[in-house]
Amino acid sequence: MAGKIVFEGRKGIHLLFLVCVCVMWCFSQVKGAIDEDVAEADIISTVEFNYSGELLATGDKGGRVVIFQHEQESKNRPHLRGEYNVYSTFQSHEPEFDYLKSLEIEEKINKIRWLPQQNAAHFLLSTNDKTIKLWKISERDKRAEGYNLKDEDGRLRDPFRITSLRVPVLMPMDLMVEASPRRIFANAHTYHINSISVNSDHETYLSADDLRINLWHLEITDRSFNIVDIKPANMEELTEVITAAECHPHQCNVFVYSSSKGTIRLCDMRAAALCDRHSKFFEEPEDPSSRSFFSEIISSISDVKFSHSGRYMMTRDYLSVKVWDLNMENRPVETYQVHEYLRSKLCSLYENDCIFDKFECCWNGSDSAIMTGSYNNFFRMFDRNTRRDITLEASRESSKPRATLKPRKVSTGGKRKKDEISVDSLDFNKKILHTAWHPKENVIAVAATNNLYIFQDKIN
Amino acid sequence: MFTKGTKRKFSDPGEEPASSGDPGPAAPSAAARTLSSSYSLQRQSLLDMSLIKLQLCHMLVEPNLCRSVLIANTVRQIQEEMTQDGTWHIMTQALAAAQCPADRLVATEVLCRQTDAAAQAGQSPKPFSVVGLQEGYHSEEVVMEGDVETEVTMSSLSPLSPQLSSASYLTGPFEVGPCWEEEDEEEDHSESSEPSLMSEHSRHPALEELFSDVDPSYYDLDTVLTGTPKMGPYDLLESLSSHGPTALSSSSSCRSDLNELDHIMEIIVGS
């Protein structure tokens, strides 16, 4: 929860919510191996809190999903927020082989999206490049004992030996968390799925690949509606792909999708069955003075997220984060530079392919702050009200319990101050692509390669 | 370093890009844009790099389509600019005259698929969509007439393309490589193409330095300018192949194309 300051001003008592940048972020936990040698399968590829923030799911390149649960604060140590501990681990996707194309289908989990909780069980959608699965995660803490037809160890009893009938009794047992695949939505995408998004009606969801977006009903797996198709008749004319898509948080007929040319299209499903024609088209005019051969690549949008209010949306391109008002299409209302010092290094970043890294971005619960990742295990937070920003690092060095994170700075000029790091010293292999913000509290989850860092604000 | 009598290469220090690795922003109009040696070298190296990236997309796992499209768009952008500068046409024709080894051409044929896509993306003129193996002959004829406009060259070549559909993949950029970087070949190429390029030289003195690289001194200058030894796409591919079989799932299709191209080469060269 946001901290509160109460002070007496000229006009009476004011209640001030601590803005998130003024928050002192401190280390809470880190999950994952400490080895220098990182197994490729352990690299985290997606992070997502559920609607209440009680559960935190991660997916990795090996196709596994690990869910952490927030433990209740203990009464003995009230100043400590509860910790996240492993709740469930399961193999969501396996590697497959497409025999038709002679190509492997990676098991890497591209996205996880939670469904709103409707009963005791939890549901989430997880997807790799081709197949989406609906998983049910349920708890079992009771077991039936005293069956008539089988023994306690499960062996069938000889029917002739049964002389009396009894009613099985439910006995408590150790908590067991089971994950079972309830639906498998397959064979609907020719290209690689980059996004899934649950609709506000809680009945449908969309999935987007490079060229198409499909609308599914959660109950129906053998059919989906194609709502966007930008595949040209002649593939040789292809110059633009879909990079991300999301449903509006409140209007179940509205969704947006972003492109590799830096544009966002908002579509209304009531207008037509095939939403190739957008209702709104968001694009910022290019600055001609900064044009280079890399202009298009760095304008490619890697993530798009609606604000919780549904009034704004945020896009992430290679160097910046932009906040758009849905009512204004010709330019964003806010632009935040994430790592402008990389602009002069674009050629090298193109050479080592870093320029194609897809960074994600996220809002905090109140839409007052946004967060995104960078290189060298740095991540950035921007306060929309005060326009202040902060750079923090997810590293083992600053991983002491409740240690406050020290703000970091990259030196751009010639003279490097103490504690600053120069651009050439940045480690471009340590990239933070996936971050998540708790929907209600100042708790953030940051994925740094194979480690998951959890930070929270200092509670006084 | 420099052999006797070598002319100092044209260079415009005023157009030097600000940072070491970046080609820098393009000037508003092609006319205003001076072809500085450094800029064109960096642009060329960016083009080579992009083509290699497209080639290396062919792996066991399906390549990232977004990345491929972005790289192909970058290649197209460079080619468009080079077309406007006139350098594209020069290189295309100069390279077609060179006897490029078939296996190198095949290696880039895979590249060409992507670039072909970018090339034909509704742009006219299309300097790279119509080039065939016989292009060298025809383009020389065209140039002799004193016309260096790429549009005219295109229209005169277009009837040729259907016959050499597979060879049409052998478009400009790849042919630049050997002629720029292979010392052995450039002597041949310069002898055969010099007559045709004479008219070019008089019109585009800035371009002279692109093709007066008969002697190795050019490479020394190149090394001096960029500070790094130049490695063309073919060198990289060769070094890759020398490390054992690469995971090119398209190798089988490459082999059939190789045989096809070998066959075509034999017909044309008449060997």
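Residues numbered from 1 in each chain as written. Chains lettered and ligands numbered in written order. Predicted model: local features only at pLDDT ≥ 70, side-chain atom pairs only at ≥ 80, totals over all residues. Heavy atoms only, no water.

As recorded by an unreviewed UniProt entry, chain B carries the name Cell division cycle associated 4 and is attributed to Nothobranchius furzeri.

Going by an unreviewed UniProt entry, chain A carries the name Serine/threonine-protein phosphatase 2A 55 kDa regulatory subunit B and comes from Nothobranchius furzeri. Entered under Subunit (unreviewed entry) in the UniProt record, the comment concerning chain A runs "PP2A consists of a common heterodimeric core enzyme, composed of a 36 kDa catalytic subunit (subunit C) and a 65 kDa constant regulatory subunit (PR65 or subunit A), that associates with a variety of regulatory subunits." (UniProt positions renumbered as here; feature names shortened; annotations may be inferred.)

A count of helices and strands for chain B gives twelve helices and zero strands. Reading chain B from its N end, one meets helices and strands in the order α-α-α-α-α-α-α-α-α-α-α-α. The buried share of chain B, reckoned over its 271 residues, is 51%. Restricting to contacts in chain B with at least 6 residues of sequence separation, those with at least 24 account for 83%. (Helix = DSSP H or I, 4+ residues; strand = E, 2+ residues; numbered from the N terminus. Buried < 20%, exposed > 50% of the residue type's maximum accessible area, 1.4 Å probe, protein only. Contact = heavy atoms within 4.5 Å.)

The next subject is empty space enclosed by the protein. Residue and element names in this part refer to chain A. If you walk through the whole model with that rule in mind, you get four cavities of 30 Å³ or more. Together, 14 residues line the largest cavity, and Ile 297, Ser 300, Ile 355, Phe 356 and Asp 357 are the ones closest to its centre. For the lining of the largest cavity, the residue count by class is eight nonpolar, two polar and four charged. (1 Å grid on protein atoms, 1.4 Å probe; cavity = no way out; pocket = protein on both sides within 12 Å on 5 of 7 lines; lining within 4 Å. Points joined across faces, edges and corners; volume = space filled by probe spheres on them. Nonpolar A, V, L, I, M, F, W, Y, C, P; charged D, E, K, R; others polar.)

Turning to the layout of surface pockets, a few remarks are in order. Roughly 1500 Å³ of volume is contained in the largest pocket. Lys61(A), Lys108(A), Lys358(A), Leu433(A) and Asn64(B) are the residues nearest the centre of the largest pocket, which is lined by 50 residues in total. The set of elements that each furnish at least two residues to the lining of the largest pocket consists of β4 (44-49), β10 (111-114), β14 (193-198), β18 (242-247) and β22 (303-306) of chain A together with α2 (65-85) of chain B. Among the residues forming the lining of the largest pocket, the class breakdown is 20 nonpolar, 13 polar and 17 charged.

By secondary structure assignment, the location of Lys53(B) is in helix α1 (residues 37-55). In this structure Lys53(B) touches Tyr350(A), Glu351(A), Asp353(A), Arg67(B) and Ile71(B), once residues within four positions along its chain are discounted. Of note is the side chain of Lys53(B), whose polar atom sits 2.6 Å from the side chain of Asp353(A). (Polar contact = N/O pair within 3.5 Å; in protein donor to acceptor, adjacent residues only side chain to side chain.)

On to α1(B). Compared with an ideal rise of 1.5 Å per residue, which puts 19 residues at 27 Å, α1(B) spans 27 Å between its outermost C-alpha atoms and is within 8% of the ideal. Of all 19 residues in α1(B), 18 are buried; the element is thus mostly enclosed. (Expected span 1.5 Å × (residues − 1).)

Turning our eyes to something else, we now look at the confidence of the model for chain B. Residue and element names in this part refer to chain B. For chain B, the mean per-residue pLDDT works out to 51, and 23% of the residues sit at or above 70. No element of chain B has a lower mean pLDDT than helix α7 (residues 172-181), which averages 30, and none a higher one than α2, which averages 93. Predicted confidence for residues 9-33 stays below pLDDT 50, and this span has 46 contacts to residues more than four positions away or in other chains. Between residues 99-254, whose pLDDT stays under 50, and residues either more than four places distant or in other chains, the model counts 257 contacts. For this predicted complex, the interface confidence comes out at an ipTM of 0.89, alongside a pTM of 0.70. (pLDDT = per-residue confidence, 0-100.)

Attention now goes to the side chain of Glu360(A). Residue and element names in this part refer to chain A. Within the secondary structure, Glu 360 sits in the loop between α2 (346-351) and β26 (361-363). Under the relative-accessibility criterion, Glu 360 is labelled buried at 7%. A polar contact of 2.9 Å, which involves the side chain of Glu 360, links it to the side chain of His 434. Excluding anything up to four places from it in sequence, Glu 360 contacts Lys 111, Asp 303, Arg 316, Met 371, Thr 372, Gly 373, Leu 433 and His 434.

Listed per partner, the contact involves 36 residues of chain A and 35 residues of chain B. Buried area between chain A and chain B, both sides added, is near 3000 Å², and the carbon and sulfur share of it is 61%. Broken down residue by residue, the surface that chain A buries against chain B is led by Glu236(A), Phe293(A) and Tyr350(A), which jointly contribute 26%. At the junction of chain A and chain B, the tally comes to two salt bridges. The closest approach of N and O atoms between Asp353(A) and Arg67(B), which form a salt bridge, is 2.8 Å. Scanning the region where chain A abuts chain B turns up seven residue pairs in polar contact (both at pLDDT 80 or more). Taken together, the elements giving at least two residues each to the side of chain A that touches chain B come down to β9 (103-105), α1 (295-299) and α2 of chain A. Residue composition of the side of chain A that touches chain B, by class: eleven nonpolar, ten polar and 15 charged. (Buried area = accessible area lost by both parts, 1.4 Å probe. Salt bridge = Lys/Arg side-chain N within 4 Å of Asp/Glu carboxyl O.)

Let's shift gears to the pairing of strand β23 (residues 312-316) of chain A. All names here are of chain A. The buried count for β23 comes to five of five residues, which makes it a mostly enclosed element. Here β23 shows no split at all, with Tyr 312, Met 314 and Arg 316 on one side and Met 313 and Thr 315 on the other all buried. Linking β22 back to β23 in an antiparallel pair, the connection comprises five residues, with Gly 310 at a positive phi of about 85 degrees. For β23 and strand β24 (residues 320-325), the ladder comprises five bridges, and the chain directions are antiparallel. Across the sheet, the residue bridging to Tyr 312 is Asp 325, located in β24. (Pairing = 2+ DSSP bridges.)

Secondary-structure assignment places Phe27(A) in strand β3 (residues 25-31). For the pair formed by Phe27(A) and Ile297(A), sequence separation is 270 residues and the distance between their alpha carbons is 35 Å.

With that out of the way, let us pick up the packing of α1(B) against α2(B). All names here are of chain B. Orientation of α1 relative to α2, taken along the N-to-C sense of each, is 145 degrees, at an axis distance of 9 Å. Like other packed secondary-structure pairs, α1 and α2 cross with a definite hand, here left-handed. Along its contact with α1, which presents Tyr 39, Arg 43, Gln 44, Leu 46, Leu 47, Ser 50, Leu 51, Lys 53 and Leu 54, the element α2 presents Arg 67, Ser 68, Ile 71, Ala 72, Thr 74, Val 75, Ile 78, Gln 79, Glu 81, Met 82 and Asp 85. The class makeup of the residues in the contact of α1 with α2 is ten nonpolar, five polar and five charged. (Axes fitted to C-alpha atoms, helices over the stretch in contact; angles between N-to-C directions. Left-handed = near helix turned anticlockwise from the far one by under 90°.)

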